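If you want the building blocks of each chain, they are given just below.
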Amino acid sequence: MTYKYKISVILSTHNRSELLLKCLESLANQSIDNSLYEIVLVDNYSNDNGNSTKKIYQKILDRYPLLNIKLILEKVIGGMTLSRHVAINNSNGEIIVCADDDYIAETGLLESALDCFSDKSIHAACGSLRPLYKSPPPKWINSLTTLMPDGGYYITDFTVIDHGDKSKDIEWQYMFWSNWAVRREIYEKLNGFGPDGFSGEFVFYNGTGEHFMNEEIARRGYRMVYCSGMSAFHHVSDYRYTKKYFQARYFHYGIVRSFEKINSKKNVDSAKEVFSFLLSFTYQMIRDLFKMPFILKFRMIWLMLGYLEHQQKVKKNEFLLNFCKLDNYKDFNFSKLIPFKNKRPNLW
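Residues numbered from 1 in each chain as written. Predicted model: local features only at pLDDT ≥ 70, side-chain atom pairs only at ≥ 80, totals over all residues. Heavy atoms only, no water.

The secondary structure content of the protein amounts to eleven helices and twelve strands. The principal-axis extent of the C-alpha atoms belonging to the protein is close to 55 × 45 × 40 Å. With 348 residues in all, the protein has 53% of them scored as buried. Considering only intrachain contacts with a sequence separation of at least 6, the fraction spanning at least 24 residues in the protein is 78%. Accessible surface computed for the protein: about 15,700 Å², of which carbon and sulfur atoms make up 53%. (Helix = DSSP H or I, 4+ residues; strand = E, 2+ residues; numbered from the N terminus. Buried < 20%, exposed > 50% of the residue type's maximum accessible area, 1.4 Å probe, protein only. Contact = heavy atoms within 4.5 Å. Areas by Shrake-Rupley, 256 points an atom, 1.4 Å probe, with all protein chains shown as cover.)

Turning to the packing of helix 9 (residues 282-291) against helix 10 (residues 299-316), a few remarks are in order. One can describe the packing of helix 9 onto helix 10 by two numbers: an axis separation of 8 Å at closest approach and a directional angle of 145°. In this structure, helix 9 contributes T282, Q284, M285 and D288 to the contact, and helix 10 contributes R299, M300, I301 and M304. Among the residues making up the contact of helix 9 with helix 10, the classes are represented as four nonpolar, two polar and two charged. (Axes fitted to C-alpha atoms, helices over the stretch in contact; angles between N-to-C directions. Nonpolar A, V, L, I, M, F, W, Y, C, P; charged D, E, K, R; others polar.)

Looking now at a nonpolar patch on the surface. On the surface, I286, L289, F290, F294, F298, I301 and L305 cluster together to form a nonpolar patch covering roughly 690 Å² of accessible area. The element contributing the most residues to the nonpolar patch is helix 9, with three residues. Here I286 lies in helix 9. Residue classification places I286 among the partly exposed positions, given a relative accessible area of 42%. (Patch = residues over 30% accessible without salt bridge, like charges linked within 9 Å, V, L, I, M, F, W, Y side chains within 5 Å. Salt bridge = Lys/Arg side-chain N within 4 Å of Asp/Glu carboxyl O.)

In the structure shown here, the tally under the stated rule is zero disulfides. Free of any disulfide, C116 has its nearest cysteine sulfur in C227, 4.3 Å distant. For C116, a relative accessible area of 10% translates into the label buried. (Disulfide = S-S within 2.5 Å.)

Moving on: the side chain of S83. For S83, the position within the fold is in helix 3 (residues 79-89). In terms of polar contacts, S83 uses its side chain to reach the backbone carbonyl oxygen of M80, at 3.1 Å. Excluding residues within four positions of it along the chain, S83 makes contact with S12, V42 and N44. (Polar contact = N/O pair within 3.5 Å; in protein donor to acceptor, adjacent residues only side chain to side chain.)

A full pass over the atoms with the stated rule returns 26 aromatic pairs. Where W140 meets Y241, the ring centres are 6.4 Å apart and the plane angle is 90°; that geometry is what we call edge-to-face. With a gap of 101 residues between them, W140 in the loop between strand 6 (124-133) and strand 7 (146-147) and Y241 in the loop between strand 12 (224-236) and helix 7 (243-265) connect regions that are remote in the sequence. Assigned by exposure class, W140 and Y241 land together as buried. Residues F259 and Y329 carry aromatic rings whose centres are separated by 6.4 Å and whose planes lie at 50° to one another, so their mutual orientation is tilted. Placement of F259 in helix 7 and of Y329 in the segment after helix 11 (318-324) is noted, with a sequence separation of 70 residues between them. The pair F259 / Y329 is uniform in exposure class, with both members buried. Of the aromatic side chains, those joined through ring pairs into one cluster are F198, F202, Y205, F212, F259, F319, F323, Y329, F332, F334 and F340. Lying over the aromatic face of F193, R84 brings its terminal NZ or CZ to 5.1 Å of the ring centre. We note K330 situated over the ring of Y187; from NZ or CZ to the ring centre the distance is 4.1 Å. (Phe/Tyr/Trp six-rings, centres within 6.5 Å; stacked < 30°, edge-to-face > 60°. Lys NZ or Arg CZ within 6 Å of the ring centre and 35° of its normal.)

Further remarks concern the environment of F332. The topology assignment puts F332 in the segment after helix 11. With 159 residues separating them in the primary sequence, F332 and Q173 have C-alpha atoms 25 Å apart. Those residues in contact with F332 that sit more than four places away from it in its chain are F319, F323, L326 and L337.

Let us look at unusual backbone geometry. The phi dihedral of N15 falls on the positive side, at around 60°, and the residue is not glycine. Here N15 shows up in the loop between strand 1 (5-13) and helix 1 (17-28). Positive phi is not limited to glycine here, since K266 has a value of about 65°.

Once that is clear, we can look at the pattern of salt bridges. Under the counting rule described, the total for this entry stands at 21 salt bridges. Between K261 and D269 there is a salt bridge, and its shortest N-O distance comes to 3.2 Å. Owing to a relative accessible area of 26%, K261 belongs among the partly exposed residues under this scheme. Given a relative accessible area of 2%, D269 falls into the buried group. Several salt bridges converge on common partners, so that one network encompasses R16, D100, D101, D102 and R240.

Structure representation (structure tokens):
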């Protein structure tokens, strides 16, 4: 099949116009010719109806008239799941490269992606996401950092990952959406992204996001690699150092864990399974009380609350249960989503 571009850069944004401008600037100043790639930007029902995004889009067009970029205003509440699928459906590149509105791409990111996919045995790839701290991080950040045997590290809570300066095959768990790529011909064979990016009254529709598809890629035997040249910097705001942020983050992790279990076995957990799940976090909870800084001592409790509340919601609502059981979210009609009363609106 013939494609118009070598690369389609997929970008979803929501209420982050200031960061979006810096992101688009970095994507407009890539080392490859403009004719080789397009940018498909989807405004994900921002609070101002996308007006701020439209201004940024026009500013980029004025500065870079030869840049191939299009803007889609998505009004349906479908989280990042819908906006990702909409962006891909409206793109025409051989390689799909996923960006993030709060990252800054290094100049050679897209060129490195092309080099990587010149190896026909590679089906999906990811790159590094190095931290760009707004202010110096607190010392306790080390307690959130996981070091890997190959010399790399990651901080899941900040969407930061770096496997070093050498490209290598990689496990699907380390393929973060914010700097991720796949061959279109492979994407079209897959079931798409899982639910992700919901907040407020729709927070219980969250699921495993890109990992929903990453796991399928691995299950089908496709090759995934870390491409060291696909490098970007990820903004880490001061808000991410707060208790409110971690409480929301770990509550979200609990929802994701619940979704993962329901989606796998197509049913909610039994009382025995609930007890077993909670028990599995007891050791980590006790360890946190002694080892973690005060702001993180209760993170496992927040995770458990997210899991329990999601399980309860699913038990009481057949629509939510059927939503969690889906194997493919590409063609789901997100306009049918039913909002749920959120007991913790101040967190999202």
